[in-house]
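Geometric and topological summary
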Amino acid sequence: MTRTDTCFHCALPNPGGCDLTVEIEGLARPVCCPGCKAVAELIRDSGMSNYYAMRDTPAPGVGKPPDDIAEWQVFNSTEMLQAFADTKPTTAEATIYAGGMYCSACSWLIETSLSEVPGVSSVDVNPVTHRLRIRWLHENLGLGDLLGKLSALGYQPQPLTPDDSSRPEIAEQRMALKRLLVASLGMMQVMMFAVGLYAGEFQGIDADMRRFLRLVSFFVATPVVFYAAKPFFVSALRGVVARKPGMDLPVSIAIGAAYGASVYATFANGPAVWFDSVAMFVFFLTLGRYLEMRARHRSIDRGVALSQLVPNTATRIVGGERSVVPVSQLAKDDMVLIRAGESIPADGIIISGTTSVDEALLTGESKPRPRTPSDRLAAGSVNLDAIVEMRVVCTGNDTTLGAISRLSERARFAKPQFVNVADRIASHVVVALLFVAIAVALYWSFVAPERAFVITLSVLVVTCPCALALATPAAFATAGSRLSELKLLVTNGNAIEALADATQVVFDKTGTLTCGKPEIQSIQILHDDYDEAKCLQIAAALEQASTHPIARAFRTVGVLPVVSDATNHVAEGVSGAIDTSRWRIGIASFALDEAVSDDSSTTVIYLGLDGRKVARFEITDALRPDVGETLNVLRSMGIKLSLLSGDNAGAVREVARSLNIEDFHSDCTPADKLRIIEALQAGGEHVVMVGDGINDAPVLAGADTSIAPGHGALLAQTSADVIMLGESLRPVTTALRLSRATMRIVRQNLVWAVLYNVTALPLAVAGMVPPWLAAIGMSASSLVVVLNALRLNRYS
């Protein structure tokens, strides 16, 4: 065997077809696997290449990383980090699918274990979708290190790209179905043999026949225990090794003890076997887990649907020539042709053509939206009428669709604080129940030794607190999924609980109660050296730096002057330099050096040059069509209403009058709004702030919870707890009503789970619940809370 047939690092034979190499001292050296390649590159990059020159020829395999480490080290490369994580200068954030999760205790185990790794900033696990979102300092900690840690805990990690549309849960579903099939077939066959054994106890049975029936029961039950019930044993062992026992520990003890005792009785001619109880227990547990899994898989269907909206290819125009290219090759400022019926491949601006688009899957709005040149198109929407040419503004994860997908993903990891507390105490509950089982076993071993084993078995099964563990996560996961379908994205785990307790809703005006499509009603020129066209150009140039909805009134017309040192002043306006002059646009106290009293019923902003008046703009913005209906519904729910705005007194008073809002405040800075909200909270109100998620960020943070309209490209910057998509204000009432319904479901689930355990435990301790009935009861109790939570899917 020549030197090129062996690994340069560990001296093992290179597998056929392996072409991995690593450059050491200018020569390409063959290696046998990604692990050896990663280690060799680490030695080289650390300046220790002399190690290979000075070492003796290693024995084959010496220095080769263990398989589990080698498997994940390849993910430590920069390329892998960029492919699977959202990276910033010092931090990275990635989504990982964790195969092998079986209960909420698993999520607590993962969060606790990974949070202890130096460099990890936060870990959020969604026990419903089996995905975790992790943020860490990537300079000293690689993605592969985190995946290896997860693998060492006994899970099967799979990193997901930010736009990943794969469905690893499908493989999980297929495997679960196979296990369920084995458990169901095994249970039916074992129950048939058990009928003969039970009949023989009453009518008499030949010893050889009894031994035969026990043996065939053993052969049928064995694959049920070692294949169908494997997930329970794996999960239990994982918790024990980590010293954080989970819900599956008492289940595994019950299955293992019943199976072991039955095997002993079969070969030692003992008095009884429990293969039928074991098979039935595993079947009902597996059935319950399968149905619960199907329910939670529905919560990610919207994310998958969103990922499939963007087409795979696009027609790019270069120099008048058209060519079909993968969407991934599109870049900013590319020109693309979009035919009628095609999906829009990226966010962009129409250059030529007039059409209408369907944005239903993005915003929930069913009516086609007309689009003309200079209008913006969103990736994932559908071109309905005519051919248009579009200039690409942003692609991939930077599009509106990408922002919605990221917010949807973030929403799935949102967990209320009391759910986190429940996860943390889960292992303590399990330990307490094990002590109860031990006490029961000791008691019955003195009172009736022949019944001690069966009764203890029933206690272990019936006390498994699965229903208690699922009571709140199932309800919140279903509510989050349903809210997403109803055009609401929940990004804060405590938002649903806070919305359910709300007593007062405070609205911003511009872009919230109004449509956010302002138009200039009139222009008054206040300086002789400037005309209307010039003032509009200067104003439009300055407003390019603003994120306020009012800026949309100043559409780009022609070539704009270049603005330097543009600065956005929150709630005041924008300043910048054009040539050598200093310009300001915004409210009078900001744009001018003098105070101006203006009681107009429209929004008024001023353009000022070095503190002097140049122009006055009156701007109107129509109220949302359903705003009156929405506010009336809120009043019928017993919710108090307030209006806070930075607009002038006349404009705010006119809106408040038309909507019958008695508590309104004008000319408010963000600090003023925050003081008013804090005063309401001090008076005992639970405040929901509905406003701009960008300009009013401190105000939204000060409220008990917050809702913001989603505004296209600015969607990713919003800081609200709940984001509503579309043009309607009705989702505000939907959020409040569904939150109240969710908390009712949570209370019902908790009451049911507690009543079940309080009722079932004494009966099991008294010996009145056989093992097979305990299995049915425990599985049924879990299904009840899951099915009760799924009722939220019907909310509209």
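Residues numbered from 1 in each chain as written. Predicted model: local features only at pLDDT ≥ 70, side-chain atom pairs only at ≥ 80, totals over all residues. Heavy atoms only, no water.

Bringing the packing of aromatic side chains into the picture now. By convention here, two paired aromatic rings are described through the distance between centres and the angle between planes. In this structure the tally under the stated criterion is 12 aromatic pairs. Ring centres of Tyr443 and Trp444 lie 5.6 Å apart, and the angle between their planes is 85°; this geometry places the pair in the edge-to-face category. Judged by its relative accessible area of 10%, Trp444 falls in the buried class. A ring pair is formed by Phe554 and Phe617, whose centres lie 5.1 Å apart and whose planes are at 85°; its orientation type is edge-to-face. Here Phe554 is found in the loop between helix H20 (532–543) and strand S20 (564–569), whereas its partner Phe617 is found in strand S24 (residues 612–620), with 63 residues between them in sequence. Under the relative-accessibility criterion, Phe617 is labelled buried at 0%. Taken together, the ring pairs in this structure connect Phe218, Phe219, Phe226, Tyr259, Phe267 and Phe275 into an aromatic cluster. Sitting over the face of the ring of Tyr227, Arg179 holds its NZ or CZ atom 4.9 Å from the ring centroid. (Phe/Tyr/Trp six-rings, centres within 6.5 Å; stacked < 30°, edge-to-face > 60°. Buried < 20%, exposed > 50% of the residue type's maximum accessible area, 1.4 Å probe, protein only. Helix = DSSP H or I, 4+ residues; strand = E, 2+ residues; numbered from the N terminus. Lys NZ or Arg CZ within 6 Å of the ring centre and 35° of its normal.)

Judged by pairing direction, the sheet is antiparallel, and its six strands sit side by side in the order S19-S24-S23-S22-S21-S20 without closing on themselves. At either end of the open sheet lies a strand with only one pairing partner, and these are strand S19 (519–525) and S20. Going across the sheet, the axis of each strand differs from the next one's by a mean of 15°, ignoring polarity. Where S20 and strand S21 (residues 573–578) come together, four bridges link them in antiparallel fashion. Bridging from a neighbouring strand, Asn568 pairs with Val574 of S21. Relative to the sheet, H20 contacts S19, S21, strand S22 (581–586), strand S23 (603–609) and S24, its axis offset from that of S22 by approximately 80°. (Pairing = 2+ DSSP bridges. Axes fitted to C-alpha atoms, helices over the stretch in contact; angles between N-to-C directions. Contact = heavy atoms within 4.5 Å.)

Taken together, the side chains of Val431, Phe435, Ile438, Leu442, Tyr443, Phe446 and Val447 define a hydrophobic patch exposed on the protein surface, amounting to about 760 Å² of accessible area. Note that Phe435 resides in helix H15 (residues 417–447). Judged by its relative accessible area of 56%, Phe435 is exposed. (Patch = residues over 30% accessible without salt bridge, like charges linked within 9 Å, V, L, I, M, F, W, Y side chains within 5 Å. Areas by Shrake-Rupley, 256 points an atom, 1.4 Å probe, with all protein chains shown as cover. Salt bridge = Lys/Arg side-chain N within 4 Å of Asp/Glu carboxyl O.)

All right, on to the sheet that holds strand S11 (residues 347–352) then. On the basis of which strands lie adjacent, the open sheet formed by six strands has the order S9-S8-S10-S16-S11-S14 and antiparallel pairing. Where the open sheet ends on each side, the last strands, each with one partner, are strand S9 (321–326) and strand S14 (376–377).

A word on the nonpolar core. If you look at the biggest cluster of nonpolar residues, it comprises 59 residues, and the most contacted ones within it are Val251, Ile255, Phe281, Val282 and Met778. With 10 residues, the single largest contributor to this core is helix H11 (residues 275–297). What Met778 contacts, discounting residues up to four positions off in sequence, is Val251, Phe281, Leu285, Val461, Cys464, Cys466 and Tyr756. With 46 residues, the next largest nonpolar core counts Ala474, Ala475, Met743 and Leu792 among its residues. (Core = buried A, V, L, I, M, F, W, Y, C linked by side-chain atoms within 4.5 Å.)

For the rest of this paragraph, the subject is helix H24 (residues 670–682). Counted at 1.5 Å a residue, the expected span for H24 with its 13 residues is 18 Å, and the 18 Å between its end C-alpha atoms agrees. Listing the buried residues of H24 in full gives Pro670, Lys673, Ile676, Ile677 and Leu680. All buried residues of H24 lie within an arc of 125° about the axis, which places them on one face of the element. Residues of H24 that are exposed and point more than 90 degrees away from the buried face comprise Ala679 and Ala682. The inward-facing, buried residues of H24 abut strand S18 (504–507), strand S25 (640–644), strand S26 (663–665), strand S27 (687–690) and helix H25 (697–702). A positive backbone phi angle near 95° is found at Gly684, which sits one or two residues after H24. (Expected span 1.5 Å × (residues − 1). Arc of directions from axis to C-beta.)

The next subject is the pattern of salt bridges. For the coordinates displayed, the defined rule picks out 16 salt bridges. In this structure, Arg211 and Asp208 form a salt bridge, with 3.0 Å as the shortest nitrogen-oxygen distance. You can see Arg211 and its partner Asp208 sitting in helix H8 (residues 207–228), three residues apart, about one turn around the helix. The class of Asp208 is exposed, set by a relative accessible area of 52%. In this structure, the salt-bridge partner of Glu685 is Lys640, at a minimum N-O distance of 2.5 Å. Of this pair, Glu685 sits in the loop between H24 and S27 while Lys640 sits in strand S25, and the two are 45 residues apart along the sequence. Overall, Glu685 belongs to the buried group, its relative accessible area being 14%. The exposure class of Lys640 is partly exposed, given its relative accessible area of 44%.

Here the chain averages 80 in pLDDT, while 84% of its residues score no lower than 70. The element-level mean pLDDT for the chain is lowest in helix H12 (residues 301–307), coming to 54, with S18 highest at 94. Note that pLDDT drops below 50 for residues 61–66; the model gives that stretch 17 contacts with residues more than four away or on any other chain. (pLDDT = per-residue confidence, 0-100.)

Let's shift gears to helix H10 (residues 248–268). Compared with an ideal rise of 1.5 Å per residue, which puts 21 residues at 30 Å, H10 spans 30 Å between its outermost C-alpha atoms and is within 8% of the ideal. Considered for burial, the residues of H10 that qualify are Asp248, Leu249, Pro250, Val251, Ser252, Ala254, Ile255, Ala258, Tyr259, Ser262, Ala265 and Thr266. Once H10 finishes, Asn269 follows within two positions and takes phi at roughly 60°, a positive value.

Mapped onto the secondary structure, Leu146 falls in helix H6 (residues 143–152). Overall, Leu146 belongs to the buried group, its relative accessible area being 2%. C-alpha of Leu146 to C-alpha of Leu114: the two residues are 32 residues apart in sequence and 7.5 Å apart in space. Look past the residues within four positions of Leu146 in its chain and what remains in contact with it is Leu114, Val120, Ile134, Trp136 and Leu141.

To continue, consider the packing of helix H26 (residues 731–765) against helix H27 (residues 771–790). In a pair of packed helices, the angle between the axes and the distance between the axes together describe the arrangement. Axis separation between H26 and H27 bottoms out at 9 Å; the angle between their running directions is 170°. Relative to H27, the element H26 lies roughly antiparallel. Facing H26, whose interface residues are Ile745, Gln748, Asn749, Trp752 and Tyr756, H27 presents Ala774, Gly777, Met778, Ser781, Val784, Val785, Asn788 and Ala789. Grouping the amino acids of the contact of H26 with H27 by side-chain chemistry returns eight nonpolar, five polar and no charged. (Parallel < 35°, antiparallel > 145°, perpendicular 65-115°, else oblique. Nonpolar A, V, L, I, M, F, W, Y, C, P; charged D, E, K, R; others polar.)

Turning our attention to the environment of Pro698. Position of Pro698 relative to the elements: it lies in helix H25. For Pro698, a relative accessible area of 48% translates into the label partly exposed. Along the chain, Pro698 and Leu674 lie 24 residues apart, while their C-alpha atoms are 7.5 Å from each other.

With that out of the way, let us pick up the pairing of strand S10 (residues 335–338). Each regular strand displays side chains that alternate between the two surfaces of the sheet. Direction of pairing for strand S8 (residues 313–318) relative to S10: antiparallel, over a ladder of three bridges. Its bridge partner being in S10, Ile317 is matched across the sheet by Met335. Across four bridges, the pairing between S10 and strand S16 (residues 388–394) is antiparallel. For Ile338, the partnering residue across the bridge sits in S16 and is Val388.

Peptide bonds are, in most cases, trans, and in most cases residues other than glycine have a negative phi. A positive phi angle is found at Asn269, which is not glycine, with a value near 60°. With respect to the helices, strands and loops of the structure, Asn269 is situated in the loop between H10 and H11. Even without being a glycine, Asn660 presents a positive backbone phi close to 60°. Residue position: Asn660 is located in the loop between helix H23 (649–659) and S26.

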